[in-house]
Amino acid sequence: MNPEIIEKTEEYVKKKLQGEGTGHDWWHIHRVRNTALQLAKIEDADLFIVELAALLHDIADHKFHDGDEEIGPATARNWLENLGVDESIINRVCTIIRDVSFKGAEVETKMDSIEGKVVQDADRLDALGAIGIARAFAYGGHKDRELYNPEIKPESHTTFESYKKSTGPTLNHFYEKLFLLKDRMNTQAGRKEAEKRHQFMKEFVDQFFSEWGGDFEL
Ligand code: ADP
Ligand code: NI
């Protein structure tokens, strides 16, 4: 029964997120699923839970629903109940979906299960590196954010509410979230890959500022 549930869920998510333009499209889910499964094998996590949570983790993101944090887990629960999935599995998957998101620089995000830890690492890895840079600017453009504005300084958000309300330029997002992720990874393999992607993003930001400052010779 499990392969059929995965297949149906994949179709459902694909239909819903295909063509989305802010970096939360089907291919984000596809990458997170593959990375999460790779990490899950190393960590000996339950593959069914990991795959379901990875597939459904952005099914209804608070970022696109007026900050509503319950809509993601509720949408996933509804879908899984219709498929007749066991209540205990639904609970485990929905807890992961509720806890997976970054909530601000100074907001603690707990993730209790190893299945949740690998899904969170996979989602965070997709926010880093070349793909992470592309996604940040796609999202920023969608939200009418400036690329950068030297008059607006990055903030260190102490609550999820203030993080959600932030309207700063996309370059600030690197300081408010992306550069913090490498020290918050849950697994050893995730941390190693995060460090590589972090380094690449730092080079990008250094280059960005050197171009901004007109620091070049013609
Ligand atoms: P999370 O739930 O942790 O936010 P997601 O997979 O939903 O993770 O997507 C996060 C990605 O969305 C970020 O890595 C970034 O690319 C983009 N994003 C979110 N907030 C911002 C922002 N304020 N500025 C630019 N990009 C953002
Ligand atoms: Ni995601």
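Notes on the structure in this doc start here.

## Observations regarding the site of ligand 1
- The immediate surroundings of ligand 1 are formed by 17 residues, with H24, K63, S101, D123 and R145 found nearest.
- Here an oxygen atom of ligand 1 sits 2.8 Å away from a polar atom, N or O, in the side chain of K63.
- Contact between ligand 1 and F102: an oxygen atom at 3.0 Å from a main-chain N or O atom of the residue.
- When ligand 1 sits alone it has 560 Å² of accessible area, and the protein chains cover 95% of it.
- Those elements giving two or more residues to the shell around ligand 1 turn out to be α7 (129-142) and α9 (170-176).

## Here's the deal with the nonpolar core
- Counting 38 residues, the largest nonpolar core has V13, V50, L52, L56, L80 and V93 as the members making the most contacts within it.
- Listing elements by their share of this core, those giving two or more residues are α1 (2-17), α2 (26-43), α3 (47-56), α4 (71-82), α5 (87-99) and α6 (114-125).
- Counting residues per element, this core draws most heavily on α3, at eight residues.
- Look past the residues within four positions of V50 in its chain and what remains in contact with it is A36, L37, A40, A45, E115, V118 and V119.
- Of all hydrophobic cores here, the second largest spans 19 residues; its members include F102, L128, A136 and M185.

## Overview of the coordination of the nickel ion (ligand 2)
- The nickel ion (ligand 2) binds to the protein through H28 (NE2), H57 (NE2), D58 (OD) and D123 (OD), with metal-donor distances spanning 2.1 to 2.2 Å.
- Given a relative accessible area of 0%, H28 falls into the buried group.

## What to know about the environment of H30
- For H30, the position within the fold is in helix α2.
- Counting along the chain gives 174 residues from H30 to F204, while the straight-line C-alpha distance between them is 25 Å.

## What to know about the side chain of D61
- Within the fold, D61 resides in the loop between α3 and α4.
- Owing to a relative accessible area of 5%, D61 belongs among the buried residues under this scheme.
- In this structure the side chain of D61 is engaged in a polar contact, spanning 2.8 Å, whose partner is the backbone nitrogen of K63.

What counts, and where the lines are drawn
Residues numbered from 1 in each chain as written. Chains lettered and ligands numbered in written order. Predicted model: local features only at pLDDT ≥ 70, side-chain atom pairs only at ≥ 80, totals over all residues. Heavy atoms only, no water. Near = heavy atom within 4 Å. Polar contact = N/O pair within 3.5 Å; in protein donor to acceptor, adjacent residues only side chain to side chain. Areas by Shrake-Rupley, 256 points an atom, 1.4 Å probe, with all protein chains shown as cover. Helix = DSSP H or I, 4+ residues; strand = E, 2+ residues; numbered from the N terminus. Core = buried A, V, L, I, M, F, W, Y, C linked by side-chain atoms within 4.5 Å. Buried < 20%, exposed > 50% of the residue type's maximum accessible area, 1.4 Å probe, protein only. Contact = heavy atoms within 4.5 Å. Donors = N, O, S within 2.8 Å, 3.2 Å for Na, K, Ca; no water.

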